[in-house]
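Letter by letter, the chains look like this.
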Amino acid sequence: MTEKADLQSVLDRAAAGGRITPEEALDLYRDAPLHALGAAADAVRRRKYAGIEHIATYIIERNINYTNVCVTACKFCAFYAAPKDTEKGWTRDLDDILRRCAETVELGGTQIMFQGGHHPDYGVEYYEKHFKAIKDAFPQLVIHSLGASEVEHMARISGVSVEEAITRIHEAGLDSFAGAGAELLPERPRKAIAPLKESGERWLEIMETAHRLGVESTSTMLMGTGETNAERIEHLRMIRDVQDRTGGFRAFIPYTYQPENNHLKGRTQATLFEYLRMIAIARLFLDNVQHIQGSWLTTGKEVGQLSLHYGADDLGSIMLEENVVSSAGAKHRSNRLEIIDLIRKAGRVPAQRATTYEHLVVHDDPANDPVDERVMSHISSTAIEGGTAHPELKLLATN
Ligand code: SF4
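Procedures and definitions
- Residues numbered from 1 in each chain as written.
- Predicted model: local features only at pLDDT ≥ 70, side-chain atom pairs only at ≥ 80, totals over all residues.
- Heavy atoms only, no water.
- Helix = DSSP H or I, 4+ residues; strand = E, 2+ residues; numbered from the N terminus.
- Buried < 20%, exposed > 50% of the residue type's maximum accessible area, 1.4 Å probe, protein only.
- Contact = heavy atoms within 4.5 Å.
- Areas by Shrake-Rupley, 256 points an atom, 1.4 Å probe, with all protein chains shown as cover.
- Axes fitted to C-alpha atoms, helices over the stretch in contact; angles between N-to-C directions.
- Parallel < 35°, antiparallel > 145°, perpendicular 65-115°, else oblique.
- Nonpolar A, V, L, I, M, F, W, Y, C, P; charged D, E, K, R; others polar.
- Pairing = 2+ DSSP bridges.
- Right-handed = clockwise from strand over helix to strand, strands pointing away.
- Salt bridge = Lys/Arg side-chain N within 4 Å of Asp/Glu carboxyl O.
- pLDDT = per-residue confidence, 0-100.
- Left-handed = near helix turned anticlockwise from the far one by under 90°.
- Core = buried A, V, L, I, M, F, W, Y, C linked by side-chain atoms within 4.5 Å.
- Polar contact = N/O pair within 3.5 Å; in protein donor to acceptor, adjacent residues only side chain to side chain.
- Phe/Tyr/Trp six-rings, centres within 6.5 Å; stacked < 30°, edge-to-face > 60°.
- Lys NZ or Arg CZ within 6 Å of the ring centre and 35° of its normal.

### Some points on the overall build of the protein chain
- If you tally the helices and strands in the protein chain, you get 15 helices and ten strands.
- Expressed as a percentage of its 399 residues, the buried residues of the protein chain come to 61%.
- Residue pairs at least 24 apart in sequence account for 79% of intrachain contacts in the protein chain once pairs closer than 6 positions are excluded.
- Roughly 14500 Å² of accessible area belongs to the protein chain as shown, and the carbon and sulfur atoms make up 52% of that amount.

Written out as structure tokens, the structure reads:
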């Protein structure tokens, strides 16, 4: 274990841009004073964003949940319906999906997140058809969706390689992968919550393949289902190692597990301090990942504001539709003006961003703030047919 005096020298080295080892990261995560950890992370953020360090970003997007039918049966998921459960299971047709895309465009949204279960009939062809239809009708919408788990599943259904699956859905319109299904990458905590999902190594292998094929992604971490601090740092190490080879992870987004209405009994959530420490240690340890995203949706607006002082440069999305999160316990919602105000009160200039993080609108003059209050997060389990809690989808919503 690193001595107290040495902790500060490790922090100083990290703040100056030096790489830290996983062992050092674990010591800092566990033992460094919270504010010192945040100050070091903020120093790194300021240097990485020199010239625009006064700005914090957000994006306007819509989640589209296309089915809850799933064969993977993750223990923490109360959303899915087994294929034979025809009462609970539902699918959404293409017309409905296109209508939701049209509303997204009308409200100034730039990104859609296609999320759903691992349907036993949905191979590569299903996604090709839907992405092509969306892009034909709305070429301006960025499809930032799915993840390694969906790729593994659709490739298996269609009897093709993951390379072919990725290439085909990319050609059909998928722009980038969300960090879906990362959960916890180390074997023990992953098996405990999602035993039928691919291994963490396989998840990374598929993401690495996507990056090699020109499809970038974000990366995530689900905190608070019983993993140890060492396993959290190991998750970061696994991401950093792949990023050293590909550079394809645009962002890292930790989020906290929401405990309501699912089957993981006796699990406690990560505390907000643990969450802030993770934001900070991610900024320090993931020296090769450009963006660290604070997630106000699951932690609350005030913690979202604090995350901007602990290394985060982005506050994620205003979701025009998020149907599942409230039933799983996350009750925070906001409209665009609130997010703008929230960022301002954290001492930053808000900017709406694109999926690839370019600034679309910089809100540097309150007199010019947008006034359309329809641009807000709609979080309602009643807005989706048969909708119930889906912890993974809820959390992926911030990707
Ligand atoms: S979390 Fe996703 S993959 Fe797992 S059971 Fe639920 S819908 Fe299926």
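Picking up after the structure, the text goes on.
### Some details on the packing of helix 6 (residues 148-158) against helix 7 (residues 162-172)
- Between helix 6 and helix 7, whose axes approach to 9 Å, the crossing angle comes to 105°. As judged from the angle between their axes, helix 6 and helix 7 are roughly perpendicular. Residues Val151, Glu152, Met154 and Ala155 of helix 6 form the contact with helix 7, whose own contacting residues are Val162, Ala165, Ile166 and Ile169.
- A breakdown of the residues in the contact of helix 6 with helix 7 according to their chemical character gives seven nonpolar, no polar and one charged.

### Thoughts on the pairing of strand 5 (residues 217-223)
- Here strand 5 lies mainly inside the structure; seven of its seven residues are buried.
- Burial of the side chains of strand 5 extends over both faces: Ser217, Ser219, Met221 and Met223 are buried on one face and Thr218, Thr220 and Leu222 on the other.
- As defined by bridge partners, strand 5 adjoins strand 6 (residues 249-256) across six bridges and the pair is classed as parallel. Its bridge partner being in strand 6, serine 219 is matched across the sheet by phenylalanine 252.
- In this fold, strand 5 hands off to helix 10 (residues 229-246), which returns the chain to strand 6; that crossover is right-handed.

### Description of the pairing of strand 9 (residues 349-353)
- Burial runs high along strand 9: four of the five residues are buried.
- Two strands pair when backbone bridges link them, and strand 9 and strand 10 (residues 359-362) are joined in this way by three bridges, in the antiparallel orientation. Counted as the bridge partner of glutamine 352 is valine 361 from strand 10.
- The antiparallel hairpin formed by strand 9 and strand 10 contains five residues in its connecting segment, where tyrosine 357 sits at a positive phi of about 80°.

### Overview of the pattern of salt bridges
- Applying the stated rule across the entire model yields 34 salt bridges.
- Salt-bridge contacts for arginine 13 lead to glutamate 24; the nearest nitrogen and oxygen are separated by 2.5 Å. Of this pair, arginine 13 sits in helix 1 (residues 4-15) while glutamate 24 sits in helix 2 (residues 22-31); the two residues are eleven residues apart in sequence, bridging distant segments of the chain.
- We classify arginine 13 as partly exposed; its relative accessible area is 32%.
- The closest approach of N and O atoms between arginine 202 and glutamate 205, which form a salt bridge, is 2.5 Å. Here glutamate 205 and arginine 202 lie together in helix 9 (residues 200-212), a separation of three residues that amounts to about one turn.
- When its relative accessible area of 23% is taken as the criterion, arginine 202 is described as partly exposed.
- Within the structure, one salt-bridge network assembled from shared partners comprises Arg62, Arg92, Asp96, Arg99, Arg100 and Glu103.

### Some remarks on the confidence of the model for the protein chain
- Averaged over the protein chain, the pLDDT score is 88; the fraction of residues at 70 or greater is 86%.
- pLDDT under 50 marks residues 324-329. Its contacts with residues more than four places away, or in other chains, come to 28 contacts.
- Contacts for the low-pLDDT stretch residues 379-399, under 50 throughout, to residues beyond four places or in other chains number 93 contacts.

### Here we look at the packing of helix 7 against helix 9
- Direction vectors running N to C along helix 7 and helix 9 enclose 50°, while the axes themselves pass 10 Å from each other. Viewed along their axes, helix 7 and helix 9 adopt a mutual orientation that is oblique. In the packing of helix 7 onto helix 9, the handedness of the crossing is right-handed. For the pair helix 7 and helix 9, the contacting residues are Val162, Glu163 and Ile166 in the first and Arg202, Ile206, Thr209, Ala210 and Arg212 in the second.
- Among the residues forming the contact of helix 7 with helix 9, the class breakdown is four nonpolar, one polar and three charged.

### Here we look at the nonpolar core
- In this structure, Leu28, Tyr127, Phe177, Phe252, Ile281 and Leu284 are the most contacted members of the largest nonpolar core, which totals 107 residues.
- By residue number, the principal contributor to this core is helix 11 (residues 272-285), which donates nine residues.

### With respect to the side chain of glutamate 183
- With respect to the element layout, glutamate 183 can be found in the loop between strand 4 (176-180) and helix 8 (187-193).
- There is a polar contact of 2.7 Å between the side chain of glutamate 183 and the side chain of lysine 197.

### Topic: the packing of aromatic side chains
- Considering all chains together, one arrives at ten aromatic pairs under this definition.
- Taking the centre distance of 5.8 Å and the plane angle of 40° together, the rings of tyrosine 66 and tyrosine 126 count as tilted. Here tyrosine 66 is found in the loop between strand 1 (55-65) and helix 4 (94-106), whereas its partner tyrosine 126 is found in helix 5 (residues 124-137), with 60 residues between them in sequence. Per residue, the accessibility class of tyrosine 66 equals that of tyrosine 126, and both read buried.
- Of the aromatic side chains, those joined through ring pairs into one cluster are Tyr66, Phe114, Tyr122, Tyr126, Tyr127 and Phe131.
- Looking at arginine 240, its charged tip hangs above the ring of phenylalanine 285, at a distance of 3.6 Å from the centre.
- Geometry around tyrosine 357 places arginine 353 over its ring, the cationic atom sitting 3.9 Å from the centre.

### A short note on the environment of tyrosine 357
- The residue tyrosine 357 is located in the loop between strand 9 and strand 10 in this model.
- Put simply, tyrosine 357 and isoleucine 59 are 298 residues apart on the chain and 8.7 Å apart in space, counted from C-alpha to C-alpha.
- Sequence-distant contacts of tyrosine 357, that is, excluding residues within four places in its chain, are made with Arg250, Ala251, His291, Gln293 and Asp314.

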